[in-house]
Every structure is written in structure tokens, then in C-alpha cells.
Amino acid sequence: MINKLSQLLNAANISLSDQQKQQLVGYVELLHKWNKAYNLTSVRDPQQMLVRHILDSVVVEPHLQGERFIDVGTGPGLPGIPLAIVRPQAHFTLLDSLGKRVRFLRQVQHELGLTNVTPVQSRVEAFPAEPPFDGVISRAFASLEDMLSWCHHLPGVHGRFYALKGVRPDEEIALLPAGFVVDKIEALRVPELDGERHLVVISRQ
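Residues numbered from 1 in each chain as written. Predicted model: local features only at pLDDT ≥ 70, side-chain atom pairs only at ≥ 80, totals over all residues. Heavy atoms only, no water.

Our next topic: the packing of aromatic side chains. Evaluated as defined, the whole model comprises six aromatic pairs. The interplanar angle of 20° and the centroid separation of 5.3 Å between the aromatic rings of Phe-69 and Phe-92 together place this pair among those described as stacked. Of the two residues, Phe-69 is situated in strand β1 (residues 68-72) and Phe-92 in strand β2 (residues 91-96); the sequence distance between them amounts to 23 residues. A residue is classified by how much of its surface remains accessible, and Phe-92, at 0% relative accessible area, is buried. The rings of Tyr-27, Trp-34, Tyr-38 and Phe-104 are connected pair by pair, giving a single aromatic cluster. Here Arg-68 stacks its cationic end above the ring of Phe-133, 4.5 Å away from the centre of that ring. (Phe/Tyr/Trp six-rings, centres within 6.5 Å; stacked < 30°, edge-to-face > 60°. Helix = DSSP H or I, 4+ residues; strand = E, 2+ residues; numbered from the N terminus. Buried < 20%, exposed > 50% of the residue type's maximum accessible area, 1.4 Å probe, protein only. Lys NZ or Arg CZ within 6 Å of the ring centre and 35° of its normal.)

One finds Tyr-27, Leu-55, Phe-92 and Phe-104 to be the most contacted residues of the largest nonpolar core, which totals 48 residues. When contributions to this core are tallied by element, the ones reaching two or more residues are α1 (2-11), α2 (18-38), α3 (46-58), α4 (80-86), β2, α5 (99-112), β5 (155-165) and β7 (198-204). Element by element, the count of residues in this core is highest for α2, at seven residues. Residues in contact with Leu-55, not counting those within four places in the same chain, are Leu-5, Leu-8, Leu-9, Ala-12, Leu-50, Val-190 and Pro-191. Core analysis: the next-biggest nonpolar cluster, separate from the first, contains 21 residues, Ile-70, Leu-95, Leu-144 and Leu-154 among them. (Core = buried A, V, L, I, M, F, W, Y, C linked by side-chain atoms within 4.5 Å. Contact = heavy atoms within 4.5 Å.)

Moving on, we come to unusual backbone geometry. Cis geometry is adopted by the peptide bond preceding Pro-79, which originates at Leu-78 and carries an omega value of 5°. When you line up the elements, Pro-79 lands in the loop between β1 and α4. Along the chain, Glu-130 connects to Pro-131 via a cis peptide bond; the corresponding omega equals -10°. One can find Pro-131 in the loop between β3 (117-121) and β4 (133-139). With phi around 55°, Asn-39 is a residue other than glycine that occupies positive phi space. Positive phi, normally seen in glycine, also occurs at Glu-192, with a value near 65°. According to the relative accessible area criterion, Glu-192 is exposed, its value standing at 54%.

What follows is about helix α6 (residues 144-151). Among the residues of α6, Leu-144, Met-147, Leu-148 and Cys-151 are the ones counted as buried. Each buried residue of α6 lies within a common arc of 95° when the element is viewed along its axis, so the set occupies one face. Contacts from the buried residues of α6 go to β1, β4, β5, α7 (170-174), β6 (180-187) and β7. (Arc of directions from axis to C-beta.)

Our next topic: the pairing of β5. Among the 11 residues in β5, eight count as buried, and that is most of the element. When β4 meets β5, the two strands line up parallel, connected through six bridges. The residue of β5 that forms the bridge with Arg-139 is Leu-164. For the handedness criterion, the β-α-β arrangement of β4, α6 and β5 is classed as right-handed. The sheet contact formed by β5 and β7 spans six bridges and is antiparallel. The partner of Leu-164 across the bridge, within β7, is Leu-199. (Pairing = 2+ DSSP bridges. Right-handed = clockwise from strand over helix to strand, strands pointing away.)

Written as C-alpha cells, this is what we have:
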């Protein structure tokens, strides 16, 4: 699996250390193992997980600004765990409301030795951001409008929202609440992935 991951990373022009690659593969192995009992992802094949979960997450890393991030509705740790592995100098809070997912995240944290993640079980609107975050990340989350209304209290003054989307969500962008502005929309290239991927970066006006 390391060879496959290395091929994908090369195709995406991402260079990682051997330890980081081992951690990413270790995460996929844990996800595959726990998925049978916990039903954490609909992707069953570890090779597909490399494309649809690992690469799909790490291509976002160059666009993130700051040191403290929160991954809202992280599920089994996506994109938070892969991002924490490839950006060890930053810290990621992994927020999910389901206990079984948070238990899985704590196991991943323990087995991979990740010191820069904090799994938290909470509803997003009930979670206090003390101190505020540099970035609020969501993947396969609600609409942009819902994301901003539920997560508006999480970023600091210069913090940003990072929404990982499939096709460019022009209709959602048109419905952005007052006080928010789209900084940029990045078309992401994920090797071997069918379909479009976009990152929408939003800040407060």
C-alpha cells in the first residue's frame, strides 16, 4: 500500500517523509479494520481509501493558513487526520457528535502517536472556541449557508472557513449570509479520482 500511496503523492506533486507515509497507511489500515464493526465509511477497499480519503484530504494542505484548525463533522477523521499527519506543526481539533467515531479517533491518535490532534464529542453549535481557530474545515458537510450559521463562532477575527466540495457550488455561494465573503475557489486535482473537487475559502467581511 505504501507503493500505491507514493505513486499517488508523486502524481499530486506532494512530497512526504517515510514516517508520514507510514502514518497515512496506518490510518487506512485502522479505518479498514474498524469499518467492519463501526461502519465509518462507505468506501470498503483500502486502495480506494487512499484516493478518496487520503489524497482527497491532503491536496487541501497548501491552501490552509494558520496553526490551529477545527475539522467540523470530522466523521472518521476526514480530512483532519490526514491533514494533521502532513502538517505536524499545526494542531487539529476533530469534532463529531457521534461517540463511536470519537472512540475511533482516540484509537487512531494513540496507535499513530499523533500529538497534534484533539478528538472532541460535541455538537458544533455547543462547542466553545476558546481560543478561536485560524481555520474551520468541513468536508461533505452541510451547505455553505448552514456551515456558516452553525460554525460562525469558531474562527478568530482573521480566521477562515475551508469547505471541501465536489462540483463548484455556485448556487450555495449565491446564498452566502451577509457578513461573509468568498476569498477564493480552488479547483483541486486528485489523482485517479472521478469527478470534480473544489475548495471554497470564506472569510468575514
